[in-house]
Structure formats: C-alpha cells, structure tokens
Amino acid sequence: MGSNQPPPFENVNLFTSDPPLREAVSLAGVDAKDLAMFGADYGSAETMELGRLANENPPRLRVFEPNGERADRVEFHPAWHALMRKSMAAGLHDSTGDIVERAARLYMATQIEAGHVCPLTMTNAAGAALKAAPEILDAWRPYTTARDYDGAFSPWFTKKSAMLGMGMTERQSGTDVRATITEAKPNNGHYEITGHKWFLSAPMSDGFLVLAQAPAGLTCFLLPRFRPDGGVNALRLQRLKDKLGNRSNASAEVEFIGAYAERVGAEGEGVRTILNMVQLTRLDCAIAAAGQMRFGLALAVHHARHRLVFGRPLIEQPLMRAVLADLALSSEANTALVFRLARAYASPLDGAYARLMTPAVKYLVTKMAPAFIYETLECLGGNGYVEDFPMARLYREAPLNAIWEGSGNVMALDVLRVLRKDDAGVVDALAGACGAPGEAAADEIRRLASGEDVEAHARIIAERLARLAALAALHEANGALAEAYARGPHATWGARDLGAAQGLVLSRALAD
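Residues numbered from 1 in each chain as written. Predicted model: local features only at pLDDT ≥ 70, side-chain atom pairs only at ≥ 80, totals over all residues. Heavy atoms only, no water.

1. Observations concerning the overall build of the chain
Reasoning step 1: When its secondary structure is counted, the chain shows 16 helices and eleven strands.
Reasoning step 2: Buried residues in the chain amount to 57% of all 512 residues.
Reasoning step 3: Summarising the internal contacts of the chain: among those between residues at least 6 apart in sequence, 72% fall at separations of at least 24.
Reasoning step 4: Element-wise, carbon and sulfur atoms account for 52% of the exposed surface of the chain, whose accessible area totals about 20,600 Å².
Reasoning step 5: When the 53 basic and 59 acidic side-chain charges of the chain are each reduced to a single mean position, those positions are 2 Å apart. (Helix = DSSP H or I, 4+ residues; strand = E, 2+ residues; numbered from the N terminus. Buried < 20%, exposed > 50% of the residue type's maximum accessible area, 1.4 Å probe, protein only. Contact = heavy atoms within 4.5 Å. Areas by Shrake-Rupley, 256 points an atom, 1.4 Å probe, with all protein chains shown as cover. Lys, Arg positive; Asp, Glu negative; His and termini not counted. Charge placed at Lys NZ, Arg CZ, Asp CG, Glu CD.)

2. Examining the nonpolar core
Reasoning step 1: Ranked by size, the top nonpolar core spans 139 residues in total, and within it Leu 324, Phe 339 and Met 357 carry the most contacts.
Reasoning step 2: The element that contributes the greatest number of residues to this core is helix α10 (residues 351–379), accounting for 16 residues.
Reasoning step 3: The contact partners of Phe 339, leaving out residues within four places of it in the chain, are Leu 21, Ala 24, Val 25, Val 100, Ala 103, Ala 104 and Tyr 107.
Reasoning step 4: Listed in part, the 31 residues of the second largest apolar core include Leu 222, Val 264, Val 271 and Trp 404. (Core = buried A, V, L, I, M, F, W, Y, C linked by side-chain atoms within 4.5 Å.)

3. What to know about the packing of helix α8 (residues 270–306) against α10
Reasoning step 1: Where α8 contacts α10, the axes come no closer than 8 Å and their chain directions differ by 25°. In this view, α8 runs roughly parallel relative to α10, as classed from their interaxial angle. Our pair here, α8 against α10, has a crossing hand that is left-handed.
Reasoning step 2: For the contact of α8 with α10, a count of residues per class yields 16 nonpolar, seven polar and three charged. (Axes fitted to C-alpha atoms, helices over the stretch in contact; angles between N-to-C directions. Parallel < 35°, antiparallel > 145°, perpendicular 65-115°, else oblique. Left-handed = near helix turned anticlockwise from the far one by under 90°. Nonpolar A, V, L, I, M, F, W, Y, C, P; charged D, E, K, R; others polar.)

4. Some thoughts on the layout of surface pockets
Reasoning step 1: There is about 1,200 Å³ of room inside the largest pocket.
Reasoning step 2: Looking at the largest pocket, it is lined by 49 residues, and the ones nearest its centre are Thr 169, Ile 403, Trp 404, Glu 405 and Gly 406.
Reasoning step 3: Breaking the lining of the largest pocket down by element, the ones donating at least two residues are α6 (117–130), β3 (164–167), β5 (190–201), α8, α11 (390–397), α12 (400–403) and α13 (408–421).
Reasoning step 4: The biggest single contributor to the lining of the largest pocket is α8, with nine residues.
Reasoning step 5: As a volume, the second largest pocket reaches approximately 1,000 Å³.
Reasoning step 6: Lining of the second largest pocket is provided by 39 residues; of these, Ala 128, Asn 276, Gln 279, Leu 280 and Tyr 345 occupy positions nearest its centre. (1 Å grid on protein atoms, 1.4 Å probe; cavity = no way out; pocket = protein on both sides within 12 Å on 5 of 7 lines; lining within 4 Å. Points joined across faces, edges and corners; volume = space filled by probe spheres on them.)

5. Some words on the packing of aromatic side chains
By convention here, two paired aromatic rings are described through the distance between centres and the angle between planes.
Reasoning step 1: Tallying each qualifying case throughout the model produces eleven aromatic pairs.
Reasoning step 2: Seen from their ring centres, Phe 76 and Trp 80 are 4.6 Å apart, and the 20° between their planes marks the pair as stacked.
Reasoning step 3: Its relative accessible area of 13% is what places Phe 76 among the buried residues.
Reasoning step 4: Among the residues examined, Trp 80 registers a relative accessible area of 2% and is labelled buried.
Reasoning step 5: An aromatic cluster of three or more residues is present, and its members are Trp 140, Tyr 143, Trp 156 and Phe 157.
Reasoning step 6: Over the aromatic face of Phe 64 sits the side chain of Arg 70, whose NZ or CZ is 5.2 Å from the ring centroid.
Reasoning step 7: Positioned over the ring face of Tyr 353 is Arg 340, at 4.0 Å from the centre of the ring. (Phe/Tyr/Trp six-rings, centres within 6.5 Å; stacked < 30°, edge-to-face > 60°. Lys NZ or Arg CZ within 6 Å of the ring centre and 35° of its normal.)

6. Side note on the environment of Glu 269
Reasoning step 1: Tracing the backbone shows Glu 269 in the loop between β9 (251–264) and α8.
Reasoning step 2: With 53 residues separating them along the chain, Glu 269 and Ala 216 place their C-alpha atoms 9.0 Å apart.

7. Thoughts on empty space enclosed by the protein
Reasoning step 1: Overall, the coordinates contain three cavities of 30 Å³ or more when judged by the stated rule.
Reasoning step 2: Quantified by volume, the largest cavity comes out at close to 100 Å³.
Reasoning step 3: At the level of secondary structure, the elements contributing two or more residues to the lining of the largest cavity comprise α1 (19–26), α9 (318–346) and α15 (458–485).
Reasoning step 4: It is α9 that contributes the most residues to the lining of the largest cavity, six residues altogether.
Reasoning step 5: Within the lining of the largest cavity, the residues separate by chemical class into eight nonpolar, two polar and six charged.
Reasoning step 6: Lining the second largest cavity, in full, are Ser 95, Ile 99, Arg 102, Ala 103, Asn 124, Leu 280, Leu 283 and Asp 284.
Reasoning step 7: Listed by contribution, the elements that provide at least two residues to the lining of the second largest cavity are α5 (99–112) and α8.
Reasoning step 8: Here the residues of the lining of the second largest cavity sort into four nonpolar, two polar and two charged.

Rendered as structure tokens:
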C-alpha cells in the first residue's frame, strides 16, 4: 500500500496550467510563447528550490568591517542572487515594454518566491517619480532598465545595472508622511539629509527615493548609496526587521547623517511626486496577491487530486469540490480584475479607470489573500501547517501586500478622493457591462458616496466598486462564470452554490 501522500508540486508550467491567466493576457494581444517558456522555468523544481533556500537563509546585516570601519552592507544567500539574476533577465524590473506581459511574469514569479519581487517592483515604479527630475532620470535609466543583474556593493555608475528602493515612514509617522521630521538642507546644488527612516525597503539598493523636509516643505529626493565622488554615502543601517513573512528580502531601519541627495521635483511637492511611483507599486501589490492566491489554489487542487479519502480521491468528495470550486471562482475573478487594471495602465485612454480602480482593486484583492490562502492551507490538512511544504511560507506572505503601499483604510479613502473629483463615467461603464446586478451595485455606490457618513462607509464603497469591476472583467474574460460570481460572497468558501458552473470552474483550476 502506498503512503497516500501527493507527489511534490513541481515541474509544472505556471502559464499553460492556468487557463484564466492565458485568457487574461490574450485579451491584451500578448504573445503566449515567451510566457509559456517563463512559466516552465519558474515552475521547475530548480527554481522552486531557489525560493526555498532564499527564505530559509535570510539576509544578514554586516554593520562593521573586521578593522572596525562601518560596513553597512546586507549579505544574501546565493539563491537570492540567482533569483534576482533570473528575474532581471526577464524584465520584471522594467515595464517600459509590454505592461501586461510584465504583469504576467510578476504574477508567476511571486508564486515561487515573493521577497525578491520587492526591489524589482520598486525599481520599475521609481521611473514614474523620477520623471519630475528629467536629468536624474536620463542618468539612471540605462542602469535601472539594464537586464544584467549586478549585486556588487559599488557606485551605481560603475555597475552593469542598478536597483532603486524607497524610504518614507518614520517612527512617528506611518501613513501620515507629512509628519516627517527628517531634514534636507541645500548645499551647492545638492542636499544633505539628516534623520531616519523606520522602514527602508530593499536596503541593498543603489539608490533610494526618500521624503524629507526641505526649506519649502516636504520634498522627494534620490539618495544614492555612493556619493558622486565614489565614497560611501552617509547611511547607517541600524538593524534589519524581523518580519513575519517576506523573509528572503531585507527591510531596514536607517539613519542619515548629512547624506548626499538630489531633489526630485519641486520643494514642497514630495507627496505628489512620490505618489506617481506608489500608483505603480500598488498595481504590483494587487497582481502579486492574485498570483499568490492562484498558487495556493493550485497546491490545494494538486493535493486533492492525489489524496485518497474514504476510498476515492479527495477532489471527488462533494463538499471538497464545493470548496475548491468556490476558491477557483474567486481566483478567476481576481485574475481577470488585476489584468484588466494592468491593461488600463497600458492604454492612455484608460487613465480614469486606472486612477479610480487602482486603490479599489488593491483594497479588495490584497485583503482577500490571507483568508483565501488559509482556506487553501486547510485543504492540505496538517501538511499545510508545516514548513516542509511551500504552503506555510505562502500563508506568512499573504498579509504583506495589503499593508505595503497603503493599508485598507488608506485605499478606501483614496477611492473616495477620486469619486469626489470625478469618476469620468467609470462606474456607469462598469454597471453597463454587468446588466441588472451591475446597476444595483452602482446605485448603492452612488448612494453611499453621497451620504453624510461617507468616510465611515469608505470600505463598503471600495469593496462594492472592486467587486463590480471584477464582475465586469469576468464578463469580458469568461462570461459563463460571471453569473455565478454575481451571486455574491459568503463568509466562508464553499458556502456559495455555484450550480452548473461548479464543474466548469473546477476544470479550469489546474490544467494538465
């Protein structure tokens, strides 16, 4: 008699086994051949092993050299560098090409190892902020778009490529970045920054976009790791954060002691400038969360296909089929939604959709991830709760994207901010694509948005809007499933009767 343990989930093509992803990219006219090669590479046992090693051997901070001089370096396991090399070669740090194709690669890469995606996301998004300083952008762009990874600790202008990180929050100011106390003083064409950051993302980067108080107010700066003369800049890394998840990636506390920096945008316009970057990182948060939920679903379906319970495969048990089908439907909706948003960034005609839906989509998709991935973990039983399998790491990763780049309340309030200005007919267009359920949802959104207690209802509005957009995206991607999705969410997966749609959605959950 066999062990009744499913075989390892490895050597699977993450693209060809995912029909909703294939359909999402086909709507944008993306060539699937290269994505299929990428999916085979990242779904290989070798790449999955790199993800395991990078997380089981987290980065270490070296504060001092043996001779007592400051080092302020972060050291990584070779698996981290291998993943960075692989993903930079694939262009995950650069969306100047096809935005939807990059989104598909990101969606797959984060399933295998999420931590290394952080510096890639920030490097990609930083260009949007640097547009406020064209000379700086022109100098850095050849390095930040190069695809030959260079992890050396040396001046950015001597390297084959460069990465960019970010530091905004301080001890006394999280969401309220206007409470920043770090100071920037002009000095012969540049600035010297003195202060601290409570979270410096990707401290191994070659430069950082930071906020500091200049004479005219809060301002955005590019603070390089090395000064123009080649000397190490005055950053003092205090410690690395001991995080719940995302353990392969470093996040640091840092002090600046008269650190060299160059202004990005006008003084006093720091929030406006850096928000151009944050919009893109929020898009990546939503894509990554959808990808991670997809991977949890794939692990659960794989387990259920190979596990015998009461004499037949677990996936043939009626209640497990109901749970997996409900999860698969939610995953399909999330995938359709995040790729509809990615397409909006690829089209200048979709600017209004991108402005309104970015915070709404990030709100819904990232906040669904922890509960969704828990449910997929439960499908594995005890195997899901031990570190021998990838599900435990996936579960620890799940809350991050909802916290990073604006938590749920921030996203909901951003939705209100855009609605108050003008939604440019986006809500009406979504409602029109969804028939009667769409009109009912749009009416509720308008009623709540015009009420006296609008801020207290901000989360309701954000969720209704995102679910309306997901329904519209499903109508476009796979109309046969839209009716089932329109029946609405329930407190737990498996509590929604999908009727005839159950078999269809399960057949698409993990293609052979």
